[in-house]
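Observations on the three-dimensional arrangement
Spelled out, the chains give:
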Amino acid sequence: GALERVMGLESIEELTHRSMQLAMHQNLEGRAELIVFAPPYLGVRYEDEIQWHDLDLSLNHQRFAHTNFGGTLLFSNLTDTVYVRQPFEAGATVLPGAYPARAYATFAGRVYAGHTLIDGNLEPAGIRWTAHNSDYSDWEGEGSGFELLISNTIAGEEILEMIPMSFDYMAVLCRNS
């Protein structure tokens, strides 16, 4: 494959690794980098070319959930590892104590994880959030918590996406509701 400016018209760069997904990582000044998820690699493109970093990302065929918390990118593909990346720095690092999830959102000064681990079990309709101290890495401090949004007795129900709609509420999109 190739990174193209307009489909089929102008090739910007040939990709040396097969990409699964793309994301934008924007800092607080509005400058952004293109993030390329190509397990086991993470590609980062700012100006000239994609820089590839071998993070040993898991190829489990799950999409990468990600959120931007004050310029810091958190991402996971529902494996045991959550990564954190600072803008315009090479690669990413493991974020210990964070919870892998199918969906992440930044809302009300916290990071939310949906379809995540609660009490050691993967809860497709479960959500958890960080402490109320504006620290994306504090999942156990005061104000952090978790909740099952919908009873697990509903077959096939799972959180697919969480979208902040305003300063007052966040939409949680599920498969059947």
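Structure first, text after, so check above.
Residues numbered from 1 in each chain as written. Predicted model: local features only at pLDDT ≥ 70, side-chain atom pairs only at ≥ 80, totals over all residues. Heavy atoms only, no water.

This brings us to the environment of Arg 63. Among the structural elements, Arg 63 can be located in the loop between β6 (50–54) and β7 (65–69). Assessed through its relative accessible area of 36%, Arg 63 is described here as partly exposed. Separated by 14 residues in the primary sequence, Arg 63 and Asn 77 have C-alpha atoms spaced 5.7 Å apart. Beyond its immediate stretch of four places on either side in the chain, Arg 63 contacts Gln 21, Ser 76, Asn 77, Arg 102, Leu 160 and Glu 161. A distance of 3.2 Å separates a polar side-chain atom of Arg 63 from the backbone oxygen of Leu 160. There is a polar contact of 3.0 Å between the side chain of Arg 63 and the side chain of Glu 161. (Helix = DSSP H or I, 4+ residues; strand = E, 2+ residues; numbered from the N terminus. Buried < 20%, exposed > 50% of the residue type's maximum accessible area, 1.4 Å probe, protein only. Contact = heavy atoms within 4.5 Å. Polar contact = N/O pair within 3.5 Å; in protein donor to acceptor, adjacent residues only side chain to side chain.)

Turning next to the pattern of salt bridges. Scanning all chains against the criterion turns up four salt bridges. Glu 33 serves as the salt-bridge partner of Arg 85, at 2.9 Å between the closest nitrogen and oxygen. Of the two residues, Arg 85 sits in strand β9 (residues 83–85) while Glu 33 sits in strand β4 (residues 32–38), which places them 52 residues apart along the sequence. No difference in accessibility class separates Arg 85 from Glu 33, as the two residues are buried. Linking Arg 102 and Glu 158 is a salt bridge whose minimum nitrogen-to-oxygen distance equals 2.3 Å. With a gap of 56 residues between them, Arg 102 in strand β11 (residues 101–107) and Glu 158 in the loop between β14 (145–148) and β15 (159–164) connect regions that are remote in the sequence. Assessed through its relative accessible area of 15%, Arg 102 is described here as buried. A relative accessible area of 12% means that Glu 158 is categorised as buried. (Salt bridge = Lys/Arg side-chain N within 4 Å of Asp/Glu carboxyl O.)

Take the environment of Ile 127 next. Considering the arrangement of structural elements, one finds Ile 127 in strand β13 (residues 121–129). According to the relative accessible area criterion, Ile 127 is buried, its value standing at 5%. In sequence terms Ile 127 and Ala 103 are 24 residues apart; their C-alpha atoms lie 9.3 Å from each other. The residues touching Ile 127, leaving out its near neighbours within four places in the chain, are Tyr 112, Ala 113, Gly 114, Ile 118, Gly 145, Phe 146, Glu 147, Leu 149, Ile 159, Met 162 and Met 170.

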